[in-house]
Amino acid sequence: MKTVIVFWSGTGNTEALAQSVAKGVQAAGGSADVFKVGEITPEQAAAYDKIALGCPAMGAEELEEAEFAPFYDALEPLLKGKTVGLFGSYDWGDGEWMRLWEKRAADAGLNVAATLTVQSAEPGVGESVAFGKKLA
Ligand SMILES: Cc1cc2nc3c(=O)[nH]c(=O)nc-3n(C[C@H](O)[C@H](O)[C@H](O)COP(=O)(O)O)c2cc1C
């Protein structure tokens, strides 16, 4: 099974999670390709068996609007019925952005197999590996 991990990260926290998610996928026997948003098209991402998407809480409990949101807007309709995992870092909120994202994805017909929210980054590594394993 081939998993793609596509993320946006401003200060590196979600990027660190993405690398750990890749380790988890590989530990579960899958292969994982990791891309920053902009390095892969929505069509290329949708061609993978499983898709892990990472974006921190930005704006007011929103997806990052300049790069990640347009990518996700184009990708979401291509992922109907596909297995996805959603992850990201947040800080001062309570993870609301992820609850909104998960609901949006489920309403669009995606199979959200796992979500991971981590406040800043430090405690997230083990959880990210577990998330990757679960997704794979
Ligand atoms: C412009 C901006 C908006 C943010 N909005 C939120 C927010 O609504 N809720 C929240 O919990 N954290 C918010 N944060 C905090 C980030 O989600 C947090 O710093 C996160 O670790 C950044 O991840 P990154 O290192 O992958 O960019 C915001 C940060 C920035 C710079």
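In this report, the structure presented in the accompanying data block is examined. (Residues numbered from 1 in each chain as written. Predicted model: local features only at pLDDT ≥ 70, side-chain atom pairs only at ≥ 80, totals over all residues. Heavy atoms only, no water.)

Below, the discussion takes up the overall build of the chain. Looking only at helices and strands, one finds 5 helices and 5 strands in the chain. Here the C-alpha atoms of the chain give a radius of gyration of 13 Å, agreeing with the 14 Å that 2.2 N^0.38 yields for 136 residues. The buried share among the 136 residues of the chain stands at 46%. Taking contacts inside the chain between residues at least 6 apart in sequence as the whole, the part at least 24 apart equals 76%. Put simply, the chain shows about 6300 Å² of open surface, and 50% of that area lies on carbon and sulfur atoms. Taking the average place of the 11 positive charges on the side chains of the chain and the average place of its 19 negative ones, the gap between the two points comes to 10 Å. (Helix = DSSP H or I, 4+ residues; strand = E, 2+ residues; numbered from the N terminus. Rg over C-alpha atoms; globule rule 2.2 N^0.38 Å. Buried < 20%, exposed > 50% of the residue type's maximum accessible area, 1.4 Å probe, protein only. Contact = heavy atoms within 4.5 Å. Areas by Shrake-Rupley, 256 points an atom, 1.4 Å probe, with all protein chains shown as cover. Lys, Arg positive; Asp, Glu negative; His and termini not counted. Charge placed at Lys NZ, Arg CZ, Asp CG, Glu CD.)

Let's shift gears to the packing of aromatic side chains. Within this structure, the stated rule accounts for 6 aromatic pairs. Residues Y72 and W101 carry aromatic rings whose centres are separated by 5.8 Å and whose planes lie at 85 degrees to one another, so their mutual orientation is edge-to-face. Taken together, the residues Y72 in helix 3 (residues 68-75) and W101 in helix 4 (residues 96-107) connect sequence positions 29 residues apart. Both residues of the pair, Y72 and W101, belong to the buried class. Between F87 and F131, the aromatic rings sit 5.7 Å apart at their centres with planes inclined by 70 degrees, giving edge-to-face as the arrangement. (Phe/Tyr/Trp six-rings, centres within 6.5 Å; stacked < 30°, edge-to-face > 60°.)

Residues other than glycine seldom take positive phi values, yet E61 does so here, at roughly 60 degrees. Topologically, E61 is positioned in the loop between strand 3 (50-54) and helix 3.

The next point concerns the site of the ligand. Looking at the ligand, there are 17 residues lining it, with S9, G10, T11, A57 and S89 nearest. Here G59 contributes a backbone N or O atom positioned 3.0 Å from a nitrogen atom of the ligand. Note that an oxygen atom of the ligand is positioned 2.5 Å from one of the side-chain N or O atoms of S89. Contact with the protein chains removes 79% of the 640 Å² of surface that the ligand exposes when unbound. Sorting the residues of the shell around the ligand by element identifies helix 1 (13-27) and strand 4 (83-90) as the ones contributing at least two each. Here the residues of the shell around the ligand sort into 6 nonpolar, 9 polar and 2 charged. (Near = heavy atom within 4 Å. Polar contact = N/O pair within 3.5 Å; in protein donor to acceptor, adjacent residues only side chain to side chain. Nonpolar A, V, L, I, M, F, W, Y, C, P; charged D, E, K, R; others polar.)

Compared with the 21 Å implied by 1.5 Å per residue over 15 residues, the 21 Å span of helix 1 between its first and last C-alpha is a close match. Among the residues of helix 1, T14, L17, A18, S20, V21, A22, G24 and V25 are the ones counted as buried. G29, located one to two residues past helix 1, shows a positive phi value of around 95 degrees. (Expected span 1.5 Å × (residues − 1).)

Moving on, we get to helix 4. Between the first and last C-alpha of helix 4 there are 16 Å, a value that for 12 residues agrees with the 16 Å anticipated at 1.5 Å per step. Of the surrounding secondary structure, the elements contacted by the buried residues of helix 4 are strand 3, helix 3, strand 4 and strand 5 (111-119). Directly after helix 4, the chain includes G109, whose backbone phi takes a positive value near 95 degrees.

Interpretation in functional terms is not warranted from these geometric data alone.
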